[in-house]
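Report on the structure
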Amino acid sequence: QVQLVESGGGWVQAGGSLRLFCAASTRTCSRSLMGWFRQAPGEAREFVAAISRSSGTTYYADFVKGRFTISRDSAKNTLGLQMNKLKPEDTAVYYCAAEGTQSGYRAYLSYSYWGRGTQVTVSS
């Protein structure tokens, strides 16, 4: 079992920045992905970004390219998400996910473990 705990969410004005963190209780499979998803009220959970634990290859949703950066520290079992130029439509609960497959990195069902989420609110 892998436990994931997110932190770093909060409130920010449009154009501002936030950095999210995710700490895993144990090392995840080296061939798997870790990722971030988000879910706004009344909306489906959607893919934001993912990173290969071993190679560091990154994947992004089109709507965050150039604004968000995902990173990982495999030695410390942590995952980060630097979010810049935030928009009101980025408001959501952000979830950390682990043990995802490369072929299905956009699908939340491809990930085996989830954190409880951290709220990000961007005001206009």
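Residues numbered from 1 in each chain as written. Predicted model: local features only at pLDDT ≥ 70, side-chain atom pairs only at ≥ 80, totals over all residues. Heavy atoms only, no water.

Next up on the list: the overall build of the chain. The number of helices and strands found in the chain is zero helices and 11 strands. Secondary structure elements in the chain, listed N-terminal to C-terminal, are β-β-β-β-β-β-β-β-β-β-β. In terms of overall size, the chain behaves like a compact globule, its C-alpha atoms giving a radius of gyration of 13 Å where 124 residues would be expected to give roughly 14 Å. A principal-axis box enclosing the C-alpha atoms of the chain has dimensions of 40 × 25 × 25 Å. Partitioning the intrachain contacts of the chain with sequence separation of at least 6 by distance along the chain shows that 57% fall at a separation of at least 24. Working note: accessible area of the chain is about 6,400 Å², and carbon and sulfur atoms make up 48% of it. (Helix = DSSP H or I, 4+ residues; strand = E, 2+ residues; numbered from the N terminus. Rg over C-alpha atoms; globule rule 2.2 N^0.38 Å. Contact = heavy atoms within 4.5 Å. Areas by Shrake-Rupley, 256 points an atom, 1.4 Å probe, with all protein chains shown as cover.)

Turning our eyes to something else, we now look at unusual backbone geometry. Located in the positive-phi region is Asn-77, a residue other than glycine, with phi close to 55 degrees. Tracing the backbone shows Asn-77 in the loop between β7 (68-73) and β8 (78-83). Among the residues examined, Asn-77 registers a relative accessible area of 16% and is labelled buried. (Buried < 20%, exposed > 50% of the residue type's maximum accessible area, 1.4 Å probe, protein only.)

Taken together, four strands build an open sheet; the order of strands is β1-β3-β8-β7 and the sheet is antiparallel. Strands at the two margins of the open sheet, each flanked by one partner only, are β1 (4-7) and β7. Across the sheet, the mean angle separating the axes of adjacent strands is 15 degrees when strand polarity is ignored. Of the strand pairs in this sheet, β7 and β8 are connected by six bridges, and their pairing is antiparallel. (Pairing = 2+ DSSP bridges. Axes fitted to C-alpha atoms, helices over the stretch in contact; angles between N-to-C directions.)

With that out of the way, let us pick up the side chain of Ser-123. Along the chain, Ser-123 turns up in strand β11 (residues 118-123). In this view, Ser-123 contacts Trp-11, Val-12, Gln-13, Ala-14 and Pro-88; residues no more than four positions away in its chain are not counted.

Turning next to the state of the cysteines. Working definition: the covalent bond between the sulfur atoms of two cysteines is a disulfide. In the structure shown here, the tally under the stated rule is one disulfide. Between the sulfur of Cys-22 and that of Cys-96 lies a disulfide, 2.1 Å long from S to S. Taking the sign of the torsion about the S-S bond as the criterion, the disulfide between Cys-22 and Cys-96, at about -75 degrees, is left-handed. With Cys-22 in strand β3 (residues 18-24) and Cys-96 in strand β9 (residues 92-100), this residue pair connects regions lying 74 residues apart in the sequence. (Disulfide = S-S within 2.5 Å.)

With that settled, consider the packing of aromatic side chains. Scanning the model with the defined rule gives six aromatic pairs in all. Seen in terms of ring centroids, Phe-37 and Tyr-111 are 5.2 Å apart; in terms of plane orientation they differ by 80 degrees. Their pairing is edge-to-face. Linking Phe-37 in strand β4 (residues 33-39) with Tyr-111 in the loop between β9 and β10 (113-114), this pair joins segments that are 74 residues apart in sequence. Each member of the pair, Phe-37 as well as Tyr-111, carries the same accessibility label: buried. Put simply, the rings of Phe-37, Phe-47, Tyr-59, Tyr-105, Tyr-111 and Trp-114 pair up and form one aromatic cluster. Directly above the ring of Tyr-95 sits Arg-45, whose terminal nitrogen or CZ lies 3.8 Å from the centroid. One cation-aromatic arrangement involves Arg-45 over Trp-114; the distance from NZ or CZ to the ring centre is 4.9 Å. (Phe/Tyr/Trp six-rings, centres within 6.5 Å; stacked < 30°, edge-to-face > 60°. Lys NZ or Arg CZ within 6 Å of the ring centre and 35° of its normal.)

Counting 35 residues, the largest nonpolar core has Trp-36, Leu-81, Met-83 and Tyr-94 as the members making the most contacts within it. At the level of elements, β3, β4, β5 (46-52), β6 (58-60), β7, β8, β9 and β11 are the ones that each hand at least two residues to this core. (Core = buried A, V, L, I, M, F, W, Y, C linked by side-chain atoms within 4.5 Å.)

Note that all results are geometric; they support no functional claim without further evidence.
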